[in-house]
2 protein chains.
Amino acid sequence: MLRTHTCGELSLADLGKEVKLCGWVQKSRDLGGMTFVDMRDRFGITQLTFNTDDDAALRASARELGREYVIQVSGTVIERASKNLKMATGEIEIKVSQLDVLNPAKLPPFLIEDETDGGEDIRLKYRYLDLRRNPVRNNLILRHKMAQEIRKYLDAENFIEVETPVLIKSTPEGARDFVVPSRMNPGEFYALPQSPQTFKQLLMISGFDRYFQIVKCFRDEDLRADRQPEFTQIDCELTFVEQEDILNIFEGLVRHLFKNIKGVVLNGFPRMDYADAMRLYGSDKPDIRFDMKFIEINELVQEKGFSVFDKAELVVAINAQNCAVYTRKQLDELTDFVKRPQIGATGLVYIRYNVDGSLKSSVDKFYTEEQLKAIADKADAKPGDLILIMAGAVDKTRKQLSELRLEIANREGLRNKETFAPLWVTDFPLLEWDEESNRYHAMHHPFTAPKPEDMVKLDTEPLSVRANAYDMVINGSEVGGGSIRIFNQDVQARMFDLLGFTPEEARKQFGFLMDAFTYGAPPHGGIALGFDRLVSIFAGLDSIRDVIAFPKNNAGRDVMIDSPSTIDEKQLTELSIQVKKKD
Amino acid sequence: MLRTHTCGELSLADLGKEVKLCGWVQKSRDLGGMTFVDMRDRFGITQLTFNTDDDAALRASARELGREYVIQVSGTVIERASKNLKMATGEIEIKVSQLDVLNPAKLPPFLIEDETDGGEDIRLKYRYLDLRRNPVRNNLILRHKMAQEIRKYLDAENFIEVETPVLIKSTPEGARDFVVPSRMNPGEFYALPQSPQTFKQLLMISGFDRYFQIVKCFRDEDLRADRQPEFTQIDCELTFVEQEDILNIFEGLVRHLFKNIKGVVLNGFPRMDYADAMRLYGSDKPDIRFDMKFIEINELVQEKGFSVFDKAELVVAINAQNCAVYTRKQLDELTDFVKRPQIGATGLVYIRYNVDGSLKSSVDKFYTEEQLKAIADKADAKPGDLILIMAGAVDKTRKQLSELRLEIANREGLRNKETFAPLWVTDFPLLEWDEESNRYHAMHHPFTAPKPEDMVKLDTEPLSVRANAYDMVINGSEVGGGSIRIFNQDVQARMFDLLGFTPEEARKQFGFLMDAFTYGAPPHGGIALGFDRLVSIFAGLDSIRDVIAFPKNNAGRDVMIDSPSTIDEKQLTELSIQVKKKD
């Protein structure tokens, strides 16, 4: 045995024991004739002591230890002179009788401490060293614990985890597929799954009743800041359920996780339909840790001579509580914020509801104080509040005001990472119109069922058809989404038709699923939660990158192993492909 | 709510309850004015009754139900007239008051019964229907339960599950990689992992101490009967351990699974070194459900004038107990068996130890009965036993006799699928010589550590160097294997050198790992168990195919979804590749 204990478990109860420990040198210091070494492993830190008076040679070896050396020591557990009660092992130390260096270490390229001096690039290249740091390792331990709890909860709810294939078939729908040339079937390719969607539906047709899988999925998209080409999904599907059953079970999952992982009992888990979310927050993933709902004020401001408002389809306000104190400069910053190209507004109107009860706005020449007061009243504003108003076309203006709402909340500290406000957004539209391809796209995916009561509008006004589709949102992040599925082959064929598939294309791509519908397909529905995102919210992180052990950079490269890389001609020939770069 | 209960839970305790159930029509029968329908879901079967006297129209609808129709019924739980105590719900039935067909079903192409009339091809094409059959679905439920128990055990043993990347780097070592062209890095490719080997070693260098993952791995090999291009591994790695620690922990895992899944308490879990396994069973994965060890008899049979034995490097026997009754025809069958091209022996010698104590052999003209008796005694044979002898070059003869040993055991019913005999085979050779490539191959993989005491022979007689490598074998199947790893960059470099890598090649492929060794790499080792194989053993199946939800056929095709398939030119162009079939 290389060790009798880990570095995190010895205490006063072990005084006098002969122990053997292994670990990394965190740091060491000399004090008179003594050397103290902090030895680290995953479980904690234990202090080692070496005394010249006891063994001069041994102490001399201890002084030669460098940071991150891997060592093995034997010794006796003794009580510490100066205790550190913040550490589990802080009341004891090991009086070392034998020291062996198992492996020396070069000086790491950055500090292995909670706060490091290493930049992102160097830490990705030496990811195995970055993973030694407590905050990074703790994220992955959190991830492990969450996965265990998810499986425990779903197992208790009668879900069965089934592994679906990774080598599947390329489909033109959705994002770009990663493909894999088949050596045994020259000229043909597998695709990596963007999700196990069709397989989980087939499992329902097979009578599995409740399926889940924590599973890697793949999308060959241009990588934005917080996207990874491979990501992990908690993928679920249920039979003989309605939307309400699914929302209840997965609200239960999230409550279970918050309770068992963070000791947090969630208050509400409200439901809001898509139309309300857009109307009240300008977003299908509103952050409801704070209120600041939209107030539509067309009828209060139009036809008073202010042409910007008069010609606007929508005039809409938010009440920034206690922000009347904002200076001219701060207000200018907000105006600059909404005018940034990625937001694209033309301007911002404010009404300052002063503490003395007076009202002052940037459009004073068009509105009386009484008219301003009417707006303030509608916005439930009190003296000391600041009302911010935007105007224009409905969809665009809502989106812009939504960004401003979040900006104010950031400035006012209303987005505390230890406050958690989950929410279901329901009744998403079935379709959206895509200008570029000049056809309808499925807002969720082509297998989502229209609401039965909206079926009649499928031919006449498809864009007003709502789906039995829902998203789970936590703190303004979309954590997942799902829907009740089509389980009738005629409805599915109609849907493919609306999405611009010819019957032949639909048959070629999804014939197996349409066939399956004819052999006794039950009503079913499901959900997929983004596991990376969920863990990052629990970890209080903005990015998913630090909850992934070996992430790729924004160019899709793993800079540690230097992948992707070229492969040799022989391999290409075997696969019946050739590289042909674009000019 | 679509249902109040499943089809597996109602009993006499529920008499009189108004319930709503959903499921598939298993079968129905008419009896006088009544129709009885067996409705099935994952949880069981519930009997529905329809009575013309109560509601003639309803009963008429029930008579129109076809097999596999999906239905929903409301009704009252009543006591059955003729009870079926073999079924959980066999004492009750549902007197139906409302029947809705949720989806009709075409007649399935094969019977959805425990014993089906469908051939393998049609069942793969309609896999979603095959998965409705109890034996197939139960295999996947077993798989789920085993995965849950594995995670529970490893979590309790302080292992952390960490997801390693699926898009990694191609390496020339080992089997062929599946590769994935990178759109963002034209001309470059990711590879799918054959195992997460280097990543798990990096996690040890990162201080994760104990890692596991139930993970998909990929090998682009020509598919033999029981291989799949994607398969699932229980992948584990541990720090600060010796071989003994690893064997103990994973013996514990297997014991835990047998106890908690099958209620079986394993007797022994013996260890045998590779040399003994080859000497006593001619195999590195001996089936020890039965004994029938090899007995080397060179000294008893040579120089007696039988040239076949005289010139043989090895003469070796097994004692087939109670097989003296084998007829001439049976003995001929055995001879034919060993002469088959895939075994390739030239002949088989037998000694029949008759019940009357006389001995009779196929080589009577060279040996006296006394000499035969000496062989029988050495083989511990008793009257009624049959001794079978093969001779030739050591390795080849052992392999041939090993096949014969299994054949005898099959004939004699010694390989009961409900008997479980696990075994560790240890001390594998580090290297083997590959005639084809004219160089050494790593027997396990290039990261396996030589035994410290054999290090001195690395330069002089590399083939006699043993590794700290071990396989887990159950009932003659290799369930997994692992090793203590190299953690020193010089030893690793020496190993790559032995395997024929130039320093530049080693650097290009594994530079990141060699670098990592210089920053404080701890001693570590691990194991990977084949999850598909393990489940198939628990399920009593010979093939892994039926413990995989959606397996591929022997040509690597998924015949259900018709994959792999061609992709369009636009996709190929984006990926900077072209198809170029060999002529």
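Per an unreviewed UniProt entry, chain A carries the name Aspartate--tRNA ligase and comes from Albibacterium bauzanense. Under the UniProt heading Catalytic activity (unreviewed entry), the entry covering chain A gives this text: "tRNA(Asp) + L-aspartate + ATP = L-aspartyl-tRNA(Asp) + AMP + diphosphate".

A.B. asks: Can you break down the overall build of chain A residue by residue, with the values?
C.D. replies: Summing up its helical and strand segments, chain A has 16 helices and 23 strands in all. Over its C-alpha atoms, taken along the principal directions, chain A stretches across nearly 95 × 75 × 55 Å. Within chain A, the fraction of its 583 residues that count as buried is 58%. Within chain A, contacts between residues at least 6 apart in sequence are counted, and of these 65% link residues at least 24 apart. Element-wise, carbon and sulfur atoms account for 48% of the exposed surface of chain A, whose accessible area totals about 23900 Å².

A.B. asks: Hey, could you go over the pattern of salt bridges for me, with residue numbers and the actual values?
C.D. replies: Applying the stated criterion to the full structure yields 109 salt bridges over all chains. For Asp130(A), the salt bridge identified is with Arg127(A), shortest N-O distance 3.6 Å. With a gap of 3 residues between them, Asp130(A) and Arg127(A) both fall in helix 3 (residues 127–130), about one helical turn apart. With respect to class, Asp130(A) is no different from Arg127(A); both count as buried. Taking the shortest distance from any N to any O, the salt bridge between Glu188(B) and Arg557(A) comes out at 2.6 Å. In this pair, Glu188(B) sits in the loop between strand 7 (179–181) and strand 8 (189–191) while Arg557(A) sits in the loop between helix 15 (531–539) and helix 16 (569–574), so the two residues belong to two different chains.

A.B. asks: A description of the interface of chain A and chain B should follow, citing residues and the corresponding values.
C.D. replies: With 126 residues of chain A at the interface, the matching set in chain B holds 125 residues. Regarding the contact of chain A and chain B, the summed buried area is about 11500 Å², with carbon and sulfur atoms giving 58% of it. Glu161(A) serves as the salt-bridge partner of Arg151(B), at 3.7 Å between the closest nitrogen and oxygen. Across the contact surface, chain A and chain B share 69 residue pairs in polar contact (both at pLDDT 80 or more). If one sorts the elements of the side of chain A that touches chain B by residue count, helix 4 (residues 134–156) of chain A sits on top with 8 residues. Within the side of chain A that touches chain B, the residues separate by chemical class into 66 nonpolar, 25 polar and 35 charged. Bridge count for strand 23 (residues 577–579) of chain A against strand 23 (residues 577–579) of chain B is 3 bridges, and the pairing is antiparallel. Note that in strand 23 of chain B the partner of Gln578(A) across the bridge is Gln578(B).

A.B. asks: Account for the packing of aromatic side chains, naming residues and giving values.
C.D. replies: All names here are of chain A. Going through the model one piece at a time under the given rule, you end up with 43 aromatic pairs over all chains. With a centroid separation of 6.3 Å and 65 degrees between ring planes, the pair formed by Phe501 and Phe510 is classed as edge-to-face. Judged by relative accessible area, which is 10%, Phe501 ranks as buried. Classification of Phe510 as buried rests on a relative accessible area of 5%. Ring-pair connections join several aromatic residues into one group, and the members of that group are Phe306, Phe309, Phe366 and Tyr367. Here Lys125 stacks its cationic end above the ring of Tyr126, 5.5 Å away from the centre of that ring.

A.B. asks: Just give me the short version of the environment of Arg219(A), but keep the residues and values in it.
C.D. replies: Residue and element names in this part refer to chain A. Within the fold, Arg219 resides in the loop between strand 9 (210–218) and strand 10 (230–239). As for Arg219 and Glu230, which are separated by 11 residues in sequence, their C-alpha atoms are 6.7 Å apart. Those residues in contact with Arg219 that sit more than four places away from it in its chain are Ala175, Arg176, Phe178, Gln194, Pro229 and Phe231.

A.B. asks: Which residues make up the domain arrangement of chain A, and what are the values?
C.D. replies: When cut into domains, chain A gives domain 1 (12–103), domain 2 (134–268 + 528–574), domain 3 (290–411) and domain 4 (428–467 + 488–521). Just the C-alpha atoms count here: the centres of domain 1 of chain A and domain 2 of chain A sit 43 Å apart.

A.B. asks: Report on the relation of the copies chain A and chain B, specifying residues and quantitative values.
C.D. replies: With an RMSD of 0.1 Å, the fit of chain A onto chain B corresponds to turning through 180 degrees and sliding 0.0 Å along the axis. Here the transformation between the copies is reduced to the relation of a two-fold axis. Comparing contact sets, 99% of the residues at the interface of chain A also lie at the interface in chain B, consistent with an isologous, same-surface contact.

A.B. asks: Mind laying out the environment of Met560(A), listing which residues take part and the relevant values?
C.D. replies: By the element assignment, Met560(A) lies in the loop between helix 15 and helix 16. Separated by 307 residues in sequence, Met560(A) and Leu253(A) place their C-alpha atoms 36 Å apart. Contacts of Met560(A), omitting those with residues within four sequence positions, involve Leu124(A), Lys125(A), Arg127(A), Tyr128(A), Phe550(A), Phe199(B), Leu202(B) and Phe512(B).

A.B. asks: So what's going on with the sheet that holds strand 15 (residues 359–361) of chain B? Which residues, and what values?
C.D. replies: In a beta sheet, neighbouring strands pair by backbone hydrogen bonds and run either parallel or antiparallel. Residues and elements named next belong to chain B. Ordered by their spatial adjacency, 5 strands build an open sheet running 12-13-16-14-15, and the pairing between neighbours is antiparallel. One side of each edge strand has no neighbouring strand; the edge strands of this open sheet are strand 12 (295–296) and strand 15. Two elements, strand 14 (residues 349–353) and strand 15, share 3 bridges in a ladder whose sense is antiparallel. The partner of Tyr353 across the bridge, within strand 15, is Leu359.

A.B. asks: Residues and numbers for the UniProt feature "binding site: L-aspartate" (unreviewed entry) in chain A, please.
C.D. replies: Residues and elements named next belong to chain A. Under the local residue numbering, the UniProt record ascribes the feature "binding site: L-aspartate" (unreviewed entry) to Glu173, Arg219, His444 and Arg485. The exposure class of Arg219 is partly exposed, given its relative accessible area of 31%. Position of Arg485 relative to the elements: it lies in the loop between strand 21 (477–484) and helix 13 (489–498). The class of Arg485 is buried, set by a relative accessible area of 2%.

A.B. asks: How would you summarise the sheet that holds strand 4 (residues 70–79) of chain B if you had to cite specific residues and measurements?
C.D. replies: All names here are of chain B. Judged by pairing direction, the barrel is mixed, and its 5 strands sit side by side in the order 1-2-3-5-4 before closing back on the first. Taking each pair of neighbouring strands and ignoring which way they run, the sheet shows an average axis angle of 55 degrees. Across 7 bridges, strand 1 (residues 18–31) lies against strand 2 (residues 34–41) in antiparallel orientation. Across the sheet, residue Lys27 finds its bridge partner in strand 2, namely Asp38. Contacts between helix 1 (residues 56–63) and the sheet are confined to strand 1, strand 2, strand 3 (44–51) and strand 5 (92–103), with strand 5 contributing the most and set at about 65 degrees to the helix.

A.B. asks: Before we move on, can you summarise helix 15 (residues 531–539) of chain B with the specific residues and values?
C.D. replies: Of all 9 residues making up helix 15 of chain B, 8 are buried, and the element is well covered by its neighbours. Positive phi shows up at Gly540(B), right after helix 15 of chain B, with a value of about 70 degrees.

A.B. asks: Which residues make up unusual backbone geometry, and what values do they have?
C.D. replies: All names here are of chain A. With an omega of 0 degrees, the peptide bond running from Ser563 to Pro564 counts as cis. Positive phi values are uncommon outside glycine, yet Glu68 reaches one of about 70 degrees. Within the secondary structure, Glu68 is located in the loop between helix 1 (56–63) and strand 4 (70–79). Of note in this structure, Asp427 is not a glycine but carries a positive phi near 60 degrees. Assignment of secondary structure puts Asp427 in the loop between strand 17 (422–426) and strand 18 (431–434).

A.B. asks: Explain helix 11 (residues 369–378) of chain B to me, using residue names and the numbers behind them.
C.D. replies: Residues and elements named next belong to chain B. For helix 11, every residue scored as buried is listed here: Leu372, Ile375 and Ala376. Buried residues of helix 11, viewed axially, fall in a sector of 100 degrees; they line one side. Close packing links the buried residues of helix 11 with helix 8 (298–301), strand 14, strand 15 and strand 16 (386–392).

Analysis parameters
- Residues numbered from 1 in each chain as written.
- Chains lettered and ligands numbered in written order.
- Predicted model: local features only at pLDDT ≥ 70, side-chain atom pairs only at ≥ 80, totals over all residues.
- Heavy atoms only, no water.
- UniProt positions renumbered as here; feature names shortened; annotations may be inferred.
- Helix = DSSP H or I, 4+ residues; strand = E, 2+ residues; numbered from the N terminus.
- Buried < 20%, exposed > 50% of the residue type's maximum accessible area, 1.4 Å probe, protein only.
- Contact = heavy atoms within 4.5 Å.
- Areas by Shrake-Rupley, 256 points an atom, 1.4 Å probe, with all protein chains shown as cover.
- Salt bridge = Lys/Arg side-chain N within 4 Å of Asp/Glu carboxyl O.
- Buried area = accessible area lost by both parts, 1.4 Å probe.
- Polar contact = N/O pair within 3.5 Å; in protein donor to acceptor, adjacent residues only side chain to side chain.
- Nonpolar A, V, L, I, M, F, W, Y, C, P; charged D, E, K, R; others polar.
- Pairing = 2+ DSSP bridges.
- Phe/Tyr/Trp six-rings, centres within 6.5 Å; stacked < 30°, edge-to-face > 60°.
- Lys NZ or Arg CZ within 6 Å of the ring centre and 35° of its normal.
- Domains from an automatic or database assignment.
- Least-squares fit on C-alpha atoms with pLDDT ≥ 70 in both.
- Axes fitted to C-alpha atoms, helices over the stretch in contact; angles between N-to-C directions.
- Arc of directions from axis to C-beta.

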